[in-house]
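Observations on the model geometry
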Amino acid sequence: MPELPEVETIIRNLRPALLGKQILSTNLLWNRTLVSPSPAMFHKRIREQQVQDIFRRAKFLQIKLSTSHLIIHLRMSGDLLVVLGGYQPEKHDRLIIKLSDDRTLVFSDPRKFGRVWLVDDPAEIFNNLGPEPLSDEFTPAWLYTALQSQHRQLKPLLLDQSFLAGLGNIYTDEALHMARLHPLTSSDSITMEEAEILQMAIREVLEEGIRRNGASIDWVYRGGDFQNHFRVYGRQGEACPVCGTKIERIVVGQRGTHICPTCQVLANA
Ligand SMILES: [Zn+2]
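Structure report, in brief.

Right, let's talk about the environment of Ile-54 for a bit. Along the chain, Ile-54 turns up in strand S3 (residues 51-57). Taking the relative accessible area as the measure of exposure, Ile-54 reaches 0% and is therefore buried. For the pair Ile-54 and Ile-71, spaced 17 residues apart in sequence, the C-alpha separation works out to 9.8 Å.

A few words on the coordination of the zinc ion. For the zinc ion, the protein coordination sphere consists of Cys-240 (SG), Cys-243 (SG), Cys-260 (SG) and Cys-263 (SG), at 2.2 to 2.4 Å. The site at the zinc ion holds four donor atoms, and with the angles between them running 99 to 115°, its shape is tetrahedral. Each donor residue of the zinc ion lies on the same chain, and together they follow the pattern C-x2-C-x16-C-x2-C. Of the two residues, Cys-243 is situated in the loop between helix H7 (192-211) and strand S10 (248-252) and Cys-260 in the segment after strand S11 (255-259); the sequence distance between them amounts to 17 residues. On the basis of relative accessibility, which here comes to 37%, the residue Cys-243 falls in the partly exposed class.

For the rest of this paragraph, the subject is the nonpolar core. Generally speaking, a soluble globular protein has its nonpolar side chains buried in company with each other. Counting residues in each nonpolar core, the largest one holds 29 residues, and the members touching the most others are Leu-147, Leu-154, Leu-158, Phe-163, Tyr-171, Leu-198 and Ile-202. Residue contributions to this core peak at seven residues, all from H7. Residues contacting Leu-158, with those up to four places away along its chain left out, are Phe-163, Leu-164, Leu-167, Thr-172, Leu-176, Leu-198 and Ile-202. Counting 26 residues, the second largest nonpolar core, distinct from the first, contains Leu-18, Leu-61, Leu-95 and Leu-118.

Spatially, four strands are ordered S1-S7-S8-S6 in an open sheet, and the strand pairing comes out antiparallel. Each having just a single partner strand, strand S1 (23-28) and strand S6 (79-84) make up the two edges of the open sheet. In this sheet, adjacent strand axes meet at a mean angle of 15° when their direction is disregarded. Sitting on the sheet, helix H1 (residues 4-18) is in contact with S6, strand S7 (93-99) and strand S8 (103-108), with an inclination near 30° to S6. Across the sheet, helix H2 (residues 39-46) touches S1 and S7, and the angle it forms with S1 is around 165°.

Glancing now at the sheet that holds strand S9 (residues 115-119). Strand order across the open sheet formed by five strands is S2-S9-S5-S4-S3, with mixed pairing between neighbours. Only two strands of the sheet have a single partner each, and these edge strands are strand S2 (34-36) and S3. Taking each pair of neighbouring strands and ignoring which way they run, the sheet shows an average axis angle of 20°. When strand S4 (residues 60-65) meets strand S5 (residues 69-73), the two strands line up antiparallel, connected through five bridges. In the sheet register, Phe-60 faces S5, and the bridge partner there is His-73. Together, S3 and S4 form the strand contacts of H1, whose direction differs from that of S3 by roughly 170°. Across the face of the sheet, H2 comes into contact with S2, S4, S5 and S9 while running at roughly 60° to S9.

Calculation rules
Residues numbered from 1 in each chain as written. Predicted model: local features only at pLDDT ≥ 70, side-chain atom pairs only at ≥ 80, totals over all residues. Heavy atoms only, no water. Helix = DSSP H or I, 4+ residues; strand = E, 2+ residues; numbered from the N terminus. Buried < 20%, exposed > 50% of the residue type's maximum accessible area, 1.4 Å probe, protein only. Donors = N, O, S within 2.8 Å, 3.2 Å for Na, K, Ca; no water. Tetrahedral: all angles 85-135°; square planar, octahedral: opposite > 155°, others 65-115°. Core = buried A, V, L, I, M, F, W, Y, C linked by side-chain atoms within 4.5 Å. Contact = heavy atoms within 4.5 Å. Pairing = 2+ DSSP bridges. Axes fitted to C-alpha atoms, helices over the stretch in contact; angles between N-to-C directions.

Now the structure itself:
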């Protein structure tokens, strides 16, 4: 599933092709892709609106229109592209939006888990999200206090979008390895010093992911190459880049998790 750096990359690529375009018509090919409003209301309301901006919030894309916001979550296999010239729908297309200047925005999604909303107020969707890890709000002090206020295992807590927005399985494993923390560590046992290191590690892996245009793994290839620079993710049996120990794969909260048993020791175990 695309995480923060992948969604950021998609937005950077889409922005120049979408800004200022007007929506001429829409074609919804799979009704369940659209969560709200009803298909009839969607077509009626979105027509003639203009694309004013495009942002990322957590793993969502937010397209700001004249009076509404088009919100998209790609989930497992969703992809967005802008095509120039005539467009013929393809097998996995779920929503096609005809734009001015002979452009078409295509949402394709082979596995059909992706979702689209058209809302007046994005807070309806973003209400329960935690802070953005690349924002000023995400400081070591905030992270320390937030970790102390919970008694949960570190990895499932970091994956919880209501705690912190945008991290998924890949970047969580990478950040925990960089911070030398075991994914099962209890959140309230983290010291201020460890919280500082973890805050820095989360930022660093996300920024590196963005610099490398995200990772191309488990989902549609979009040109990113961060998968060639993973420290631990998917590298079980290979050498830890820090100490050379063989990386292990364990299961944490039903998610495959990659650790170095030498660098990431579970305290009090
Ligand atoms: Zn190691």
